[in-house]
Protein chains: 2
Amino acid sequence: MRIIRNTTPFGDGFRMPAEYEPHEGCIMIFPERADSWQYGGYAARKAFVQVAEAIGESERVTVCAGAAQYDNARAMLPAHIRVVEMSGNDAWARDYAPTFVKNDTGVIRGIDWGFNAWGGLYDGLYFPWDKDNQMARKLCDLLEKDVYDRRDFILEGGSIHVDGEGTCMVTESCLLSRGRNPELSKQEIEEILRNYLNVSVILWLPWGIYNDETNGHVDNICAFTAPGEVVLAWTEDKEDTQYAMSKACLDYLEQAVDARGRRLRIHKLPLPKPVTVTKEECGGLDACGDQPARVPGERLAASYVNYYIANKSVVMPGFGDPADREAREILQKLFPDRKIVQIYTRDILIGGGNIHCITQQIPL
Amino acid sequence: MRIIRNTTPFGDGFRMPAEYEPHEGCIMIFPERADSWQYGGYAARKAFVQVAEAIGESERVTVCAGAAQYDNARAMLPAHIRVVEMSGNDAWARDYAPTFVKNDTGVIRGIDWGFNAWGGLYDGLYFPWDKDNQMARKLCDLLEKDVYDRRDFILEGGSIHVDGEGTCMVTESCLLSRGRNPELSKQEIEEILRNYLNVSVILWLPWGIYNDETNGHVDNICAFTAPGEVVLAWTEDKEDTQYAMSKACLDYLEQAVDARGRRLRIHKLPLPKPVTVTKEECGGLDACGDQPARVPGERLAASYVNYYIANKSVVMPGFGDPADREAREILQKLFPDRKIVQIYTRDILIGGGNIHCITQQIPL
């Protein structure tokens, strides 16, 4: 693995493909952190396995497991899914596995962004995050891909979406947060995204999902379903704080123009009714430092937008909510050639994310 | 990775190729154990890097590094050598990386033997050895090879050599040692080797190298250089305990017949003068449990037989001894199509082995 420091993907003719372009495979990380996942990850592991199996039907899945969980991961996952040992601080492949870029001859390279647990010492979610931050490079080494070093720039994979045709979508609440790159202006951040993702237009949604601990990752509120087309997490409940947040995003998107000069087709994807964590669930979580990891009644950032587009399926969350079915039907219409697999992911949601957050595609 | 328990390589048409057959690559493990390697492995790592670089000239080399040494391994090794994170108890790829077998259509599978640190609680060299024992399976998973589970049978890769044509060579001192499989008879051990390596003749040398802590691995005293041809570690000094040991092996080999009915051509490979560990070197080693790892004056099991046959080279030890040159010239004659690379490996020898012990080939 060559570590590339003096050139950029844009300069080298590499671009980040959209998630709906073909994948070589998918990376996941096996959960075990006891202040993120109930009962030492016991319940979350079952949900992760379901996600891995669903994706594994049409992609090569590699699951990274810490030394203590390697044997268990191997026992729980089917034989065609690869398990490799890798230490981490938690299990968010989307956020700190590499962002992959590709050139016209099919060469794949990774980008190693800096990771500081969604806000570092300012408003990050745990400490330390050193092993998470090593993962992108370790994965590129494992996969024998050269890697661009941008550890000086803090970015999570869940905070960016691209359409594969020159447009990137982010949120202001996240990318301009004080805990990431406070020394950089919006223009300087745009410049880095342009050079590393090889895009020409950055769309800046104002917000993500209410109470999303990532400072509002775009991947929980809005995603491209095709070039020029997005789904937006939506509620009709004007009393809900989320309404104003989704409405502000809608207003922004309705006036936006993408890199090809297109207006966007915006599909509203309903949100489930507000999901809160129970006292029992909080009781299954270790303390995070000297604070409780969650408090009973705390609202979780549940959203159907947090799906993963696999080669032949879309693997999406379910919450046991009446909107589960409507959301599934909307995605089926938007992805007519893919099977929609809905997995009940409350045990992932309690950890602070969902299916998109725990997966990272490797383009083909 | 499929774990195979109900069939054997012999039954499935797989055999262990000889080391001089073509390789896909080589596995090594980065040293860090402070009671094996001086100064926390500082000196040994430099020697390991030299070995990896030499092999890397004609093979894909994968180096496994523990989490604490990953970044350092990546920094010390050239970009074309792959570094993957893997936890272990020490760094002996020969002994607990998989033994690979191959069928006629080129499919490769691994064998996961049991490992108990060369003798377990009876006369093993450290405790615990759990992470070493996991490595074969982890490596098969990483390399996407199915694996035969024989963890119930204790065997190290350094205790077997095959000619690729049905003959296996071992030592009685090791395979019949009380710390490995004391419940099995010699005939039962032969049966397992026949079924797993797919050989028909087992040659049982009586001894290995004097004071070799492995109970005398064959790979330190005798090795096939071609079908029907071996090198044997040899001294002319009849006062040396090693003389009787090498002579007993010579006597055995002179009457032996291999699987193809051939008498063996035996090439004596001189040993260096006895190598002993110095007080300074002992001072660089942590204690092993509550005992010193080595004591000044302790004899080390130095032997030129402990070389690795790479695709286009033979990477062999040097000890700064007058015999270095003679041994190199003998190997050059025996491997006329390969470059002989001699590396000064005292810092590996102090750890208890040499180049063959720290490498494991993956057949092509």
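Residues numbered from 1 in each chain as written. Chains lettered and ligands numbered in written order. Predicted model: local features only at pLDDT ≥ 70, side-chain atom pairs only at ≥ 80, totals over all residues. Heavy atoms only, no water.

1. Some words on the overall build of chain A
- The helix and strand tally for chain A stands at 12 helices and 19 strands.
- Relative to its length of 364 residues, chain A is compact, with a C-alpha radius of gyration of 19 Å against a globular reference of 21 Å.
- Seen through its principal axes, chain A has C-alpha atoms that stretch 50 × 45 × 45 Å.
- Among the 364 residues that make up chain A, the fraction classed as buried is 64%.
- A fraction of 74% describes how many contacts in chain A between residues 6 or more apart in sequence connect residues 24 or more apart.
- Surface exposure of chain A reaches about 13,400 Å², of which carbon and sulfur atoms provide 49%.
- One finds the centroid of the 40 positive side-chain charges in chain A at a distance of 3 Å from the centroid of its 53 negative side-chain charges. (Helix = DSSP H or I, 4+ residues; strand = E, 2+ residues; numbered from the N terminus. Rg over C-alpha atoms; globule rule 2.2 N^0.38 Å. Buried < 20%, exposed > 50% of the residue type's maximum accessible area, 1.4 Å probe, protein only. Contact = heavy atoms within 4.5 Å. Areas by Shrake-Rupley, 256 points an atom, 1.4 Å probe, with all protein chains shown as cover. Lys, Arg positive; Asp, Glu negative; His and termini not counted. Charge placed at Lys NZ, Arg CZ, Asp CG, Glu CD.)

2. Here we look at the sheet that holds strand S12 (residues 229-234) of chain B
Residue and element names in this part refer to chain B.
- Reading across the sheet, the three strands line up as S11-S12-S13 and stay open at both edges, with mixed pairing between neighbours. Single-partner strands in this sheet number two, and they are strand S11 (222-226) and strand S13 (265-270). Mean inter-strand twist for the sheet, computed between neighbouring axes without regard to direction, equals 35°.
- Pairing between S12 and S13: six bridges, direction parallel. Residue pairing for S13: valine 230 is matched across the bridge by isoleucine 266.
- Sitting on the sheet, helix H11 (residues 323-334) is in contact with S11, S12 and S13, with an inclination near 155° to S13. (Pairing = 2+ DSSP bridges. Axes fitted to C-alpha atoms, helices over the stretch in contact; angles between N-to-C directions.)

3. As for the sheet that holds strand S7 (residues 147-154) of chain A
Residues and elements named next belong to chain A.
- Here we have four strands laid out as an open sheet, ordered S1-S7-S6-S5, and mixed in their pairing. The sheet is open, and its two edges are formed by strand S1 (3-4) and strand S5 (99-102), each paired on a single side.
- Relative to strand S6 (residues 108-114), S5 runs antiparallel, the two sharing four bridges. Across the sheet, residue phenylalanine 100 finds its bridge partner in S6, namely glycine 110.

4. Side note on the interface of chain B and chain A
- Each partner contributes residues to the interface: chain B has 22 residues there, and chain A has 21 residues.
- Taken together, the links from chain B to chain A amount to eight salt bridges.
- Between Glu85(A) and Lys138(B) there is a salt bridge whose closest N-O contact spans 2.5 Å.
- Counting the contacts that link chain B with chain A gives 18 residue pairs in polar contact (both at pLDDT 80 or more).
- In terms of residue count, the dominant contributor to the side of chain B that touches chain A is helix H6 (residues 130-143) of chain B (six residues). (Salt bridge = Lys/Arg side-chain N within 4 Å of Asp/Glu carboxyl O. Polar contact = N/O pair within 3.5 Å; in protein donor to acceptor, adjacent residues only side chain to side chain.)

5. Here we look at the confidence of the model for chain A
- Per-residue confidence for chain A gives a mean pLDDT of 98; residues scoring 70 or more make up 100%.
- Note on the complex model: pTM 0.95, ipTM 0.91. (pLDDT = per-residue confidence, 0-100.)

6. Quick look at helix H8 (residues 186-198) of chain B
Residue and element names in this part refer to chain B.
- Along its 13 residues, H8 runs 17 Å from first to last C-alpha, staying within 8% of the 18 Å computed at 1.5 Å per residue.
- Those residues of H8 that fall on the buried side of the exposure criterion are Ile189, Glu190, Ile192, Leu193, Tyr196 and Leu197. Buried residues of H8 fall within an arc of 160° about the axis and therefore sit on the same side. (Expected span 1.5 Å × (residues − 1). Arc of directions from axis to C-beta.)

7. Notes on the relation of the copies chain B and chain A
- Rotating chain B by 180° and translating it 0.0 Å along the rotation axis places it on chain A, where the RMSD comes to 0.0 Å. Both copies are brought into coincidence by an operation consistent with a two-fold rotation axis.
- Taken together, the interface assignments show that 95% of the residues at the interface of chain B recur at the interface of chain A, consistent with an identical surface on both copies. (Least-squares fit on C-alpha atoms with pLDDT ≥ 70 in both.)

8. Some remarks on the side chain of Glu229(A)
- Among the secondary structure elements, Glu229(A) is positioned in strand S12 (residues 229-234).
- Ignoring any residue separated from it by four or fewer positions in sequence, one finds Glu229(A) in contact with Ala223(A), Phe224(A), Leu264(A), Arg265(A), His267(A) and Leu334(A).

9. Comments concerning helix H9 (residues 241-255) of chain B
Residue and element names in this part refer to chain B.
- Here H9 is 15 residues long and its end C-alpha atoms lie 23 Å apart, about the 21 Å a rise of 1.5 Å per residue gives.
- Gln242, Tyr243, Met245, Ser246, Cys249, Leu250 and Leu253 are the residues of H9 that are buried. Angularly, the buried residues of H9 cover 165° about the axis, an arc narrow enough to put them on a single face.
- Here the buried face of H9 lies against strand S9 (167-171), strand S10 (201-205), S11, S12, S13 and strand S15 (299-300).

10. Looking at the packing of aromatic side chains
- Considering all chains together, one arrives at 26 aromatic pairs over all chains under this definition.
- Ring plane angle 90° and centroid distance 5.3 Å describe the contact between Trp37(A) and Phe48(A), whose orientation is recorded as edge-to-face. Placement of Trp37(A) in the loop between strand S2 (23-29) and helix H2 (38-56) and of Phe48(A) in helix H2 is noted, with a sequence separation of 11 residues between them. Taken as a pair, Trp37(A) and Phe48(A) share a single burial class, namely buried.
- With a centroid separation of 5.6 Å and an interplanar angle of 90°, the aromatic rings of Trp118(B) and Tyr126(B) are classed as edge-to-face.
- For Trp118(B), a relative accessible area of 3% corresponds to the buried category.
- Using a relative accessible area of 7% as the deciding quantity, one classes Tyr126(B) as buried.
- An aromatic cluster is built from Trp37(A), Phe48(A), Trp92(A), Tyr96(A), Phe115(A), Trp118(A) and Tyr126(A), whose rings are joined through pairwise contacts.
- The side chain of Arg33(A) reaches across the aromatic face of Tyr126(A), ending 4.0 Å from its centre. (Phe/Tyr/Trp six-rings, centres within 6.5 Å; stacked < 30°, edge-to-face > 60°. Lys NZ or Arg CZ within 6 Å of the ring centre and 35° of its normal.)

11. Some thoughts on unusual backbone geometry
Residues and elements named next belong to chain A.
- Put simply, phenylalanine 127 and proline 128 share a cis peptide bond, and its omega is -5°.
- A positive phi angle, close to 60°, is found at alanine 117, a residue other than glycine.
- Relative to the helices and strands, alanine 117 resides in the loop between S6 and helix H5 (120-123).
- With relative accessibility at 0%, the residue alanine 117 sits in the buried group.

12. Observations regarding the pairing of strand S4 (residues 82-85) of chain B
Residues and elements named next belong to chain B.
- With burial as the criterion, each face of S4 is covered, one bearing Arg82 and Val84 and the other bearing Val83 and Glu85.
- Across four bridges, the pairing between strand S3 (residues 60-65) and S4 is parallel. Directly across from cysteine 64, in S4, lies its bridge partner valine 84.

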